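# Notes for the structure review
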Amino acid sequence: MNFNKLSFGATIGIIGGGQLGKMMAQSAQKMGYKVIVLDPNIDCPCRYVAHEFIHAEYDDEKALQQLGDSADVITYEFENISANQLKSLTDKYNIPQGYQAIELLQDRLTEKQTLEQAGTQIVPYTSIKNKDDLSNAVSELGYPFIVKTRFGGYDGKGQVLVKTEEDLEEAETIISKQECVAEKFLEIDKEVSLTVTIGNHQQITYFPLQENEHRNQILFKTIVPARSDKTESAKREVEKITNVVHFVGTFTVEFFIDENNHLYVNEIAPRPHNSGHYSIEACDYSQFDTHILAVTGQSLPQQIEVLKPAVMMNLLGKDLDLLEHEFGEHPEWHVHIYGKSERKPNRKMGHMTILTNDIDETEKDMLKRFEGREG
Ligand code: ADP
Ligand code: MG
């Protein structure tokens with residue numbers, strides 16, 4: 001794909017004003033772009049860093065057109081927007097990210113089919129439309145397995161772990177509401193992710209492999225560089241994906257590594273990702289910088305330099321309760337607070353990045369400090 005360069009002074013329209021939109025806007029403004037954001041939440045984190053705000057639902061046709069008319073380029077910060085609407089917007093407006101990635105990846109079933117078509121290794125799964133398909137999953141996958149809704153899931157929402165027959169009833173409850181996929185539960189040794197930006201002329205720039213720990217299915221910490229030998233295999237999997245998914249901008253591929261050191265692709269986020277936040281301080285370009293460079297048609301850095309190893313800790317509401325009184329004494333923590341008006345125990349309120357020459361020691365220190373949280 002090849003498209004025109006936008007120079008500074010141009011306007012970037014962002015669909016979605018959460019923390020990802022906010023950090024995108026901050027990169028864009030650093031480079032001299034104006035930002036206009038559309039979000040249904042009047043108090044969203046991006047509102048106060050955008051030049052203009054459109055208060056509307058994501059599927060509000062008129063508001064989307066207003067965004068398109070006011071911006072030189074449109075980008076989005078999350079995947080749960082209507083692929084059809086995005087498709088019709090691409091006819092009229094400049095949307096380098098395109099709609100194909102959204103169409104394929106917002107549905108866990110077509111996402112898995114796409115990954116199979118690309119030839120990547122994924123965890124065995126079955127498609128579930130009704131109760132009968134659930135018995136099928138039991139015989140095909142065996143216990144334990146995870147049932148996940150096809151649409152709208154994030155941070156483990158819309159997932160049920162089925163360990164034994166006793167959990168089937170809970171799985172039936174989500175199946176009665178939405179079609180699902182069932183996935184074999186993997187004994188995971190490590191989770192890693194690779195953040196990548198694709199620019200003009202298919203230029204591709206990789207961030208370093210990221211090592212992730214999830215707690216209650218929400219990202220808890222990211223360590224960079226990952227303590228893993230899977231960088232090259234992960235890159236090969238990403239290359240296969242880029243052959244079938246046409247995309248411009250920053251995206252992240254999440255992987256599982258099992259006990260036998262096998263690498264599996266878990267899922268793809270067609271946007272900047274929580275596990276790439278460390279790049280703001282730890283790299284010469286952040287995942288938001290490269291995203292903005294890509295969607296404005298500029299050249300990307302050939303390589304991302306890691307300036308210093310980093311530990312990134314998410315700050316959920318319960319973590320803020322635990323740690324906020326200490327922020328003032330720890331300038332080395334690089335605290336980011338997103339500015340969400342309501343604090344909830346499991347809501348992502350911010351994150352912090354610690355640059356370090358001793359990853360193991362910093363990790364130990366953080367684990368001790370976060371010990372007081374439940375889960
Ligand atoms: P989300 O869209 O909510 O991020 P994921 O499918 O990535 O959904 O699941 C969230 C987390 O749950 C994963 O990062 C992993 O820790 C755990 N998980 C998901 N699927 C599996 C699986 N098949 N086997 C083991 N753990 C899993
Ligand atoms: Mg995930």
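Here the structure is shown first, and the text comes after it.
This write-up is about the structure you can find in this document.

Calculation notes
Residues numbered from 1 in each chain as written. Chains lettered and ligands numbered in written order. Predicted model: local features only at pLDDT ≥ 70, side-chain atom pairs only at ≥ 80, totals over all residues. Heavy atoms only, no water. Donors = N, O, S within 2.8 Å, 3.2 Å for Na, K, Ca; no water. Helix = DSSP H or I, 4+ residues; strand = E, 2+ residues; numbered from the N terminus. Polar contact = N/O pair within 3.5 Å; in protein donor to acceptor, adjacent residues only side chain to side chain. Contact = heavy atoms within 4.5 Å. Pairing = 2+ DSSP bridges. Axes fitted to C-alpha atoms, helices over the stretch in contact; angles between N-to-C directions. Near = heavy atom within 4 Å. Areas by Shrake-Rupley, 256 points an atom, 1.4 Å probe, with all protein chains shown as cover. Nonpolar A, V, L, I, M, F, W, Y, C, P; charged D, E, K, R; others polar.

## Some details on the coordination of the magnesium ion (ligand 2)
The protein atoms that coordinate the magnesium ion (ligand 2) are Glu254 (OE), Glu254 (OE) and Glu267 (OE), at distances of 1.9 to 2.7 Å. On the criterion of sequence distance, the pair formed by Glu254 in strand S13 (residues 249-258) and Glu267 in strand S14 (residues 263-269) is long-range, its members being 13 residues apart.

## Considerations on the side chain of Thr205
Position of Thr205 relative to the elements: it lies in strand S10 (residues 204-206). Side-chain polar atoms of Thr205 contact the backbone oxygen of Pro301, separated by 2.7 Å. In this structure Thr205 touches Thr195, Val196, Thr197, Leu300, Pro301, Gln302 and Ile304, once residues within four positions along its chain are discounted.

## Remarks on the sheet that holds strand S4 (residues 73-76)
The strands making up a sheet associate through hydrogen bonds between their backbones, and the pairing can be parallel or antiparallel. What the 4 strands build is an open sheet, ordered S3-S2-S1-S4; its pairing is parallel. At either margin of the open sheet sits one strand with a lone partner, and together these are strand S3 (52-55) and S4. Averaged over all neighbouring strand pairs, the angle between strand axes comes to 20 degrees, with direction disregarded. Sheet topology places strand S2 (residues 34-39) next to S3; 4 bridges connect them, and they run parallel. Within S3, the residue paired with Asp39 across the bridge is His55.

## Structural notes on the site of ligand 1
In the vicinity of ligand 1 lie 20 residues, with Lys148, Gly156, Glu191, Asn266 and Glu267 positioned nearest. Here an oxygen atom of ligand 1 and a side-chain polar atom of Glu254 are 3.1 Å apart. Against a free-state accessible area of 540 Å², the protein chains account for coverage of 92% of ligand 1. Sorting the residues of the shell around ligand 1 by element identifies strand S6 (145-149), strand S8 (180-184), strand S9 (188-198), S13 and S14 as the ones contributing at least two each. The residue inventory of the shell around ligand 1, partitioned by class, reads 6 nonpolar, 6 polar and 8 charged.

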